[in-house]
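Reading the structure
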There are 2 protein chains.
Amino acid sequence: IERFFLKIWRFLEKAWSIGASEPKKVAHCLKVGLALSLVSLFYYMRPLYDGVGGNAMWAVMTVVVVFEYTVGAMLCKCVNRVIGTFLAASLGIGVHWVATQSGQQFEPIILGVSVFLLASAATFSRFIPSIKAAFDYGAMIFILTFSLVSMSGYRVDELLVLAQTRVSTIGIGTSICIFTSMLLCPVWAGNELHLLIIRNTEKLADSIDGCVAEYFNNNEDIKVNDKDLGKKLQGYKCALNSKAAEESMANLARWEPPHGQFDFRHPWKQYLKIGAAIRNCAFCVESLRSCIDSETQVPEFLRKNLSDACTRLSSQCSQVLKELAMMMKTMTKSSKIDLSVGEMNIAVQELQNGLKSLPNSLLLPPIHENDSNRQPITKQFAVSLIDILPVATAVSLLTEIVGRIEGIVEE
Amino acid sequence: IERFFLKIWRFLEKAWSIGASEPKKVAHCLKVGLALSLVSLFYYMRPLYDGVGGNAMWAVMTVVVVFEYTVGAMLCKCVNRVIGTFLAASLGIGVHWVATQSGQQFEPIILGVSVFLLASAATFSRFIPSIKAAFDYGAMIFILTFSLVSMSGYRVDELLVLAQTRVSTIGIGTSICIFTSMLLCPVWAGNELHLLIIRNTEKLADSIDGCVAEYFNNNEDIKVNDKDLGKKLQGYKCALNSKAAEESMANLARWEPPHGQFDFRHPWKQYLKIGAAIRNCAFCVESLRSCIDSETQVPEFLRKNLSDACTRLSSQCSQVLKELAMMMKTMTKSSKIDLSVGEMNIAVQELQNGLKSLPNSLLLPPIHENDSNRQPITKQFAVSLIDILPVATAVSLLTEIVGRIEGIVEE
């Protein structure tokens, strides 16, 4: 029993930490509660409801189903729900009319076949990527409404009255949703995407910095703030796996009205490109990390020679990335970025020069000694090169990104 | 107008190609249509329905909402729906009883506050990862049912009758869903996961093979089957971005009963581990690719020296991966794999020996020449090293995986 309570206690602690770290989510929960209370009050004020099966139900259902975390997701669902219901209701009433005209005998056959065909077609359309991205929920609502309408035993004129009340209740539910979610501390998918990309850029900068520092510094200096550094080093992993999240958010952001710093036709797709570029850099960091984790140590003299250039390069890299993040944050094109990119390129050049001068000074002595000692050193030389070149590739990637994307987005 | 029709035509073509390439999806669509027709027939047979607002609705709604592509997802939703409805209904009836006891005045307040609190709490629980993974849908159904019950104007004994009919209709819908989806060509999430992992392994093997071949061969040989090769080379990208899909499928597979080659407690988490290992290898291939795309060409004499060892190593790699895929496919531990891993390790050793003997034969001449020609060569030597060592790391990773995971899964 004690263990059971301990588990519950841990669970509550975890829940609390989630709530404390992301107050927006708590606000969202309260908003859901508020919207539902509003709907219920609305129906207590005017005694419209005629039981659970009645019309009040549709308003409640709309609120519960449609209320999503971000405004974009909610608007998308609302539009889907309205379009799906409308299309399905008109089609359903049409089919219903045809069926009743064709006599008692054929009615169930016509209705059954039409339900079968349309449900299959609508389900299939959900597998097509372009429809799935925008109208997945609408297709489901279409199937639902169409089956309900065509299966109901009502006459067509009764159906029309029913449709009217249904539309009005769904309208009430939808408008309550939209107002609560957009007026009370709204969570915009676009803004979340913006922040995610900026956060990933900053984390990547820290990771590049931390990786190179860990590789070249003595291990003793680092152990002091070990936990903090470990967190920094792991930062790039967020960028590795954020593709799906980025895509869905960019998809939802298109549904949102202009808000804050974002115009109506804000180029959300640019964010996907930046995200992909950041992910590419993160792949490079990943292979850099595997070099660090390998057992072969850099010999002291090599470390001395290269650590300066490498550290400078990595700090320039993270400098550029941080400035990029800052630029995205303020959405202005600063002139400092060109300067930093230039400095970064100079650092690359320096490192390459350093590498070119190395063979003379370091590789020659062991080769002339000509004993078994030679081979490990050349091997380690290679390892340290491997360690450096991903940074160089990351850098060249970065310069490309910087040059190409920033010009487009912030213009 | 012509362009409009062209667009529609293209859309239909795309839809057709999706259907032709994945007949399972078409089968799924037909199954949805069939299940809905069955429900409608069920209600045509016995005139139970009393209109759209009646009970037939709940069976239809259950079928539409619960019918998912994989059996695991559907079972998960069914269980969620039943548990959520049951919990919410009992709680709702309890609160309703308390509210009616406390008099006309307090009734709306008690109901409103309880809806607010419970809806907020249930919404918050959807943000907690462990609950989101298994009970996301259940929490939504809980909110929905609780609000409906507490907002309805019925007396408690009426509610009990209503609950009974509701449960029976949901039961009908659920059982129709389960039977259609499990008896007619079922799509098991576990099986899909199994196939996905195997496919990714095979693609990775092809990519490693293709990359190294492209790097070392003359470009002219390859141009012949260029498109086919390009597809092979891109294969590893599937592995890069499949993390989310793998996790959701492993999650859903836990809900499935034993089927085919899979026992009740099949270690689905092992698949996630294998998937992560494959993804790690794919990261290596990604950096390998960036070496290939770089402009610096391997000098002819270096290529001659290394291409043999590298090609042998890569073919050994892909051999091991393909045998791994075969082992997963047949779920048996073959003795050939140890042999292949051994050969792969020998190939690594050979390559390392080849590298160690290189500085003698290739680096010394340019160093003694001591002209500007030297630097490019050492640089390119480094590039080719970089090209090789990811394969080596991938290999060491692979040997680890092979040794560690295959022993566990197939026992």
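Residues numbered from 1 in each chain as written. Chains lettered and ligands numbered in written order. Predicted model: local features only at pLDDT ≥ 70, side-chain atom pairs only at ≥ 80, totals over all residues. Heavy atoms only, no water.

1. Quick look at the overall build of chain A
Note the following rule: Each helix is a run of DSSP H or I of at least 4 residues and each strand a run of E of at least 2, with the numbering of both proceeding from the N terminus. Type-normalised accessible area, obtained with a 1.4 Å probe on protein chains alone, sets the label of each residue: buried when under 20%, exposed when over 50%, and partly exposed for intermediate values. Exposure was quantified through the Shrake-Rupley algorithm and a 1.4 Å probe, taking into account, for residues, occlusion by the shown protein chains and nothing else.
When you go through chain A residue by residue, the secondary structure sums to 16 helices and 0 strands. The buried share of chain A, reckoned over its 411 residues, is 52%. Looking at chain A as shown, the accessible area adds up to about 19,700 Å², and 62% of this sits on carbon and sulfur atoms.

2. Looking at the packing of helix H4 (residues 71–101) of chain B against helix H6 (residues 129–151) of chain B
All names here are of chain B. For clarity, the threshold we go by: Orientation is described by lines fitted to C-alpha atoms, with helices fitted over the stretch in contact, and by angles between N-to-C directions that extend from 0 to 180 degrees. Every angle not falling under 35 degrees, over 145, or within 65 to 115 is termed oblique; those three ranges are roughly parallel, roughly antiparallel and roughly perpendicular. A clockwise turn of the near helix away from the far one marks a right-handed crossing, whereas an anticlockwise turn of less than a right angle marks a left-handed crossing. Charged means Asp, Glu, Lys or Arg here, nonpolar means Ala, Val, Leu, Ile, Met, Phe, Trp, Tyr, Cys or Pro, and polar covers whatever is left, Gly included.
Two elements in contact, H4 and H6, have axes separated by 7 Å at closest approach and are oriented at 30°. The angle between H4 and H6 places the two elements in the roughly parallel class. H4 and H6 meet at a crossing whose hand is right-handed. Residues belonging to the contact of H4 with H6 are distributed by class as follows: 14 nonpolar, 8 polar and 2 charged.

3. Thoughts on helix H4 (residues 71–101) of chain A
Count 3.6 residues to each turn of an α-helix, and residues three or four apart come out pointing the same way. Under the convention used in this document: A helix is expected to span 1.5 Å for every residue after the first.
Taking 1.5 Å as the rise per residue, H4(A) with 31 residues should run 45 Å; its terminal C-alpha atoms sit 45 Å apart, in good agreement. Positive backbone phi, approximately 95°, marks A:Gly103, located one or two places after H4(A).

4. Comments concerning the packing of aromatic side chains
For the record, the criterion: Any pair of Phe, Tyr and Trp rings, taking the six-membered ring for Trp, is counted once the centres come within 6.5 Å. Such a pair is stacked with planes under 30 degrees apart, edge-to-face with planes over 60 apart, and tilted for the rest. Any Lys NZ or Arg CZ found within 6 Å of a ring centre and within 35 degrees of that ring's normal is scored as a charge over the ring.
Under the criterion given, the structure shown has 6 aromatic pairs over all chains. An angle of 70° between the planes, with centres 5.3 Å apart, marks the rings of A:Tyr69 and B:Phe127 as edge-to-face. In this pair, A:Tyr69 sits in the loop between helix H3 (56–66) and H4 while B:Phe127 sits in the loop between helix H5 (103–125) and H6, so the two residues belong to two different chains. By relative accessible area, B:Phe127 is classed as buried at 17%. Consider the rings of B:Phe142 and B:Phe146, whose centres lie 6.2 Å apart with planes at 10°: the pair is stacked. With B:Phe142 and B:Phe146 both in helix H6 and 4 residues apart, the pair spans about one turn of that helix. What makes B:Phe142 buried here is its relative accessible area of 12%. With a relative accessible area of 2%, B:Phe146 lands in the buried category. Of note, A:Lys77 hangs over the ring of A:Tyr137, and the distance from its end group to the ring centre comes to 4.7 Å.

5. Considerations on the confidence of the model for chain A
Detailed reading of the predicted coordinates is not advisable wherever pLDDT is low. Residues and elements named next belong to chain A. Stated precisely, the cut-off is as follows: Note: pLDDT gives the predictor's confidence per residue, expressed from 0 to 100. Between two residues, a contact is recorded if the distance between any of their heavy atoms is within 4.5 Å.
Put simply, chain A has an average pLDDT of 71, and 65% of its residues get 70 or more. Between the elements of chain A, mean pLDDT differs from a low of 47, seen in helix H16 (residues 374–409), to a high of 85, seen in H4. Confidence over residues 360–388 falls short of pLDDT 50; this stretch has 50 contacts with residues more than four positions distant or in other chains. Interface confidence for the predicted complex, given as ipTM, is 0.76, next to a pTM of 0.77.

6. Structural notes on the packing of H5(B) against H6(B)
The angle between the axes and the distance between the axes are what describe a pair of packed helices. Residues and elements named next belong to chain B. Running from N to C, H5 and H6 cross one another at 170°; their axes reach a closest spacing of 9 Å. For the element pair H5 / H6, the angle class is roughly antiparallel. Contacts between H5 and H6 involve Leu111, Ser114, Val115, Leu118, Ala119, Ala122, Thr123 and Ser125 on the former and, on the latter, Ile131, Lys132, Ala139, Phe142, Ile143, Phe146 and Ser150. Within the contact of H5 with H6, the residues separate by chemical class into 10 nonpolar, 4 polar and 1 charged.

7. Thoughts on the pattern of salt bridges
Residues and elements named next belong to chain B. Definition in use: By definition here, a salt bridge exists when the distance from a side-chain nitrogen of Lys or Arg to a carboxyl oxygen of Asp or Glu is within 4 Å.
Across all of its chains, the model carries 8 salt bridges over all chains by this definition. Lys77 serves as the salt-bridge partner of Glu68, at 3.1 Å between the closest nitrogen and oxygen. By relative accessible area, which is 27% here, Glu68 ends up partly exposed. Under the relative-accessibility criterion, Lys77 is labelled buried at 16%.

8. Comments concerning a nonpolar patch on the surface
Here is the rule we go by: Here a patch means residues that are over 30% exposed by relative accessible area and free of salt bridges, tied together within 9 Å if like-charged and within 5 Å if nonpolar (Val, Leu, Ile, Met, Phe, Trp, Tyr).
A surface patch of nonpolar side chains, amounting to about 810 Å² of accessible area, comprises A:Ile1, A:Phe4, A:Phe5, A:Ile8, A:Trp9, A:Phe11 and A:Leu12. With respect to the element layout, A:Phe11 can be found in helix H1 (residues 2–21).

9. Some points on the side chain of A:Asn200
Locating A:Asn200 in the fold gives a position in helix H8 (residues 189–216). Once residues lying within four places of it in the same chain are set aside, the contact partners of A:Asn200 are A:Cys238, A:Ala239, A:Ser242, A:Glu246 and A:Ile278.

10. Let's talk about the environment of B:Ile170
Residues and elements named next belong to chain B. Residue position: Ile170 is located in helix H7 (residues 156–183). Given the relative accessible area of 7%, Ile170 is considered buried. Separated by 98 residues in sequence, Ile170 and Gly72 place their C-alpha atoms 19 Å apart. Apart from the residues within four sequence positions on either side, Ile170 is in contact with Trp58, Thr62, Arg81 and Thr85.

11. Focus: the state of the cysteines
All names here are of chain B. Worth spelling out the cut-off: When the sulfur atoms of two cysteines come within 2.5 Å, that pair is taken as a disulfide.
Throughout the structure, instances matching the rule amount to 0 disulfides over all chains. Here Cys177 is not cross-linked by a disulfide; its sulfur's nearest cysteine counterpart is in Cys78, at 5.7 Å. For Cys177, a relative accessible area of 0% corresponds to the buried category.

12. A word on the side chain of B:His28
Structurally, B:His28 is set in helix H2 (residues 23–45). We classify B:His28 as buried; its relative accessible area is 4%. If near-sequence neighbours (up to four positions away) are discounted, B:His28 is found in contact with A:Thr123, A:Phe127, B:Phe67, B:Glu68 and B:Tyr69.

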